[in-house]
Amino acid sequence: LWTSITYFFERYKTEWLTKRLFMFIQMFLIAGIGLTMLWGTEAVHLFFLLYGLAKWWLAAMYLWTTHGNKDPQYCKSTLLQVYGNSIVLIASIIALFLPWAWTVWMLLIALMFDVLIPIFWQSTLKSLIPSFEIEIYNERFGLFIIIVLGESILGAITGVHWESLHGDTLFLIGMALLLSFVHWWLYFEYVSQAEIIKKHLLSRTYLHLPLTICFTLISSTVLYLVEHSQENNQAALLLLITCCITVMLIIICFEKITGPYNQLVAKSPNHIRHMLVPILGMICLLPNRWLSAQALLWWVTIFAMIPIGIRAYTLSILFKKYKASKQSLE
């Protein structure tokens, strides 16, 4: 939903009253989707229906923008969005009359179709890309990442049982907060600050999907670890380590489709090779069953800090050279 709404608003630069009304109603639909998450499997039909309505409401906005426009390329790309989003609504209505298990499969098919809509649209998108505000587009996804990472902080805090607070729990909270900070730094250092290459706009968008899934899983795992600090949490820790490895791999993928970060650091094929060190280190921790939860989380955090430590050192050296060359010129 975030991706499709971002695509719409960055494609059609408008400040109509209709746009405000659209967002107002969309807020209620998304809030309803969030509420159904709390009700578990019993609310699958309602979740799917609200999701379908949110997609249909977006389709209605696309229809509104097409009204009175005679450009065939413009109308083709818009109608593709209308058809795709409407199919999601139709699937959600059909699912109301199906058993629970079938509804889940219908939902997965609809979600897959939803993900494929921009890919089908890509051929018509290429001629329309110049209208995108690249900087604002970057900020929108950066905001989404901040929200998701904020859940890690909330997980570390809300999982605390104050009546049984002890040293192990405090250690887990500290490591969880540090790990959230490291991931925040990694994203805004290697992804958000990088120049967006227009031909890779769709790839950049879709790489945010596994990234946000991993950050969400990390948040949930942190909450579980803090709530069950006295128990053996090997499975949760393995999930946490796997997500941290995946985040590093996704950042390497971002490196391949983005431009330079700033004028000080020239981009090269080996620019991010030091990211492999923490990946290999975390892989070695995956089969580990003799370290405690605190020790495992400590090692994961140390490995995660390696890239930002190297990056900070490199930037400080380059900045000194830049400052020295500027003074010599003066």
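Let me sum up the structure you'll find in this document. (Residues numbered from 1 in each chain as written. Predicted model: local features only at pLDDT ≥ 70, side-chain atom pairs only at ≥ 80, totals over all residues. Heavy atoms only, no water.)

Structural notes on the side chain of serine 219
Piece 1. By secondary structure assignment, the location of serine 219 is in helix α8 (residues 201-227).
Piece 2. Of the polar contacts made by the side chain of serine 219, one reaches the backbone oxygen of valine 148; its length is 3.5 Å.
Piece 3. Separated by 2.9 Å, the side chain of serine 219 and the backbone oxygen of phenylalanine 215 make a polar contact.
Piece 4. Not counting the four nearest positions on each side in its chain, serine 219 is found in contact with Val148, Glu151 and Ser152. (Helix = DSSP H or I, 4+ residues; strand = E, 2+ residues; numbered from the N terminus. Polar contact = N/O pair within 3.5 Å; in protein donor to acceptor, adjacent residues only side chain to side chain. Contact = heavy atoms within 4.5 Å.)

Description of the packing of aromatic side chains
Piece 1. Following the criterion strictly, the structure yields 10 aromatic pairs and no others.
Piece 2. When the centroid spacing of 6.2 Å and the interplanar angle of 40° are considered together, the rings of tryptophan 56 and tryptophan 57 count as tilted.
Piece 3. A residue is classified by how much of its surface remains accessible, and tryptophan 56, at 38% relative accessible area, is partly exposed.
Piece 4. Relative to phenylalanine 188, the ring of tryptophan 184 lies with its centre 5.8 Å away and its plane at 45°, an arrangement referred to as tilted. Of the two residues, tryptophan 184 and phenylalanine 188 both sit in helix α7 (residues 167-190), four residues apart, roughly one turn of that helix.
Piece 5. With a relative accessible area of 39%, tryptophan 184 lands in the partly exposed category.
Piece 6. Residue classification places phenylalanine 188 among the buried positions, given a relative accessible area of 16%.
Piece 7. Here the aromatic cluster, defined as three or more aromatic residues joined through ring pairs, consists of Phe181, Trp184, Trp185, Tyr187 and Phe188. (Phe/Tyr/Trp six-rings, centres within 6.5 Å; stacked < 30°, edge-to-face > 60°. Buried < 20%, exposed > 50% of the residue type's maximum accessible area, 1.4 Å probe, protein only.)

Section: a nonpolar patch on the surface
Piece 1. Taken together, the side chains of Val115, Leu209, Ile213, Leu217 and Leu239 define a hydrophobic patch exposed on the protein surface, amounting to about 370 Å² of accessible area.
Piece 2. When you line up the elements, leucine 217 lands in helix α8.
Piece 3. For leucine 217, a relative accessible area of 33% puts it in the partly exposed group. (Patch = residues over 30% accessible without salt bridge, like charges linked within 9 Å, V, L, I, M, F, W, Y side chains within 5 Å. Areas by Shrake-Rupley, 256 points an atom, 1.4 Å probe, with all protein chains shown as cover. Salt bridge = Lys/Arg side-chain N within 4 Å of Asp/Glu carboxyl O.)

A look at the packing of helix α10 (residues 276-285) against helix α11 (residues 293-329)
Piece 1. With their axes 8 Å apart at the nearest point, α10 and α11 run at an angle of 165° to one another. Judged by the angle between their axes, α10 and α11 are roughly antiparallel. Crossing of α10 against α11: the hand is left-handed. Each of Val277, Pro278, Gly281, Met282 and Leu285 in α10 lies in contact with α11, whose residues at this interface are Leu296, Trp299, Val300, Phe303, Ala304, Ile306 and Pro307.
Piece 2. For the contact of α10 with α11, a count of residues per class yields 11 nonpolar, one polar and no charged. (Axes fitted to C-alpha atoms, helices over the stretch in contact; angles between N-to-C directions. Parallel < 35°, antiparallel > 145°, perpendicular 65-115°, else oblique. Left-handed = near helix turned anticlockwise from the far one by under 90°. Nonpolar A, V, L, I, M, F, W, Y, C, P; charged D, E, K, R; others polar.)

Re the nonpolar core
Piece 1. The biggest cluster of nonpolar side chains holds 55 residues, and the ones touching the most others in it are Met275 and Met282.
Piece 2. Looking at this core, the elements with two or more residues in it are α6 (134-158), α7, α8, α9 (234-257), α10 and α11.
Piece 3. The element best represented in this core is α9, accounting for 14 residues.
Piece 4. Among all residues touching methionine 282, those that are not within four sequence positions of it are Ile241, Cys244, Ile245, Met248, Val300, Phe303 and Ala304.
Piece 5. The next biggest cluster of nonpolar side chains, apart from the first, holds 22 residues, and it includes Phe9, Ala54, Trp57 and Ala95. (Core = buried A, V, L, I, M, F, W, Y, C linked by side-chain atoms within 4.5 Å.)

Examining the environment of threonine 78
Piece 1. Tracing the chain through its elements places threonine 78 in helix α4 (residues 72-95).
Piece 2. Taking the C-alpha atoms as reference points, threonine 78 and tryptophan 64, separated by 14 residues in sequence, lie 9.8 Å from one another.

Quick notes on α10
Piece 1. Within α10 the residues assigned to the buried category are Pro278, Ile279, Gly281, Met282 and Leu285. Around the axis of α10, the buried residues are gathered within 165° of arc, so they sit on the same side. Facing away from the buried surface of α10 by more than 90 degrees, the exposed residues are Leu280 and Cys284.
Piece 2. For α10, the secondary structure elements touched by its buried residues are α9 and α11. (Arc of directions from axis to C-beta.)

Remarks on the side chain of histidine 208
Piece 1. Along the chain, the position of histidine 208 falls in helix α8.
Piece 2. Taking the relative accessible area as the measure of exposure, histidine 208 reaches 3% and is therefore buried.
Piece 3. Engagement of the side chain of histidine 208 in a polar contact is seen with the side chain of tyrosine 187, the distance being 2.8 Å.
Piece 4. With sequence-adjacent residues up to four places away left out, histidine 208 is seen in contact with Phe141, Ile145, Tyr187, Val191 and Phe254.

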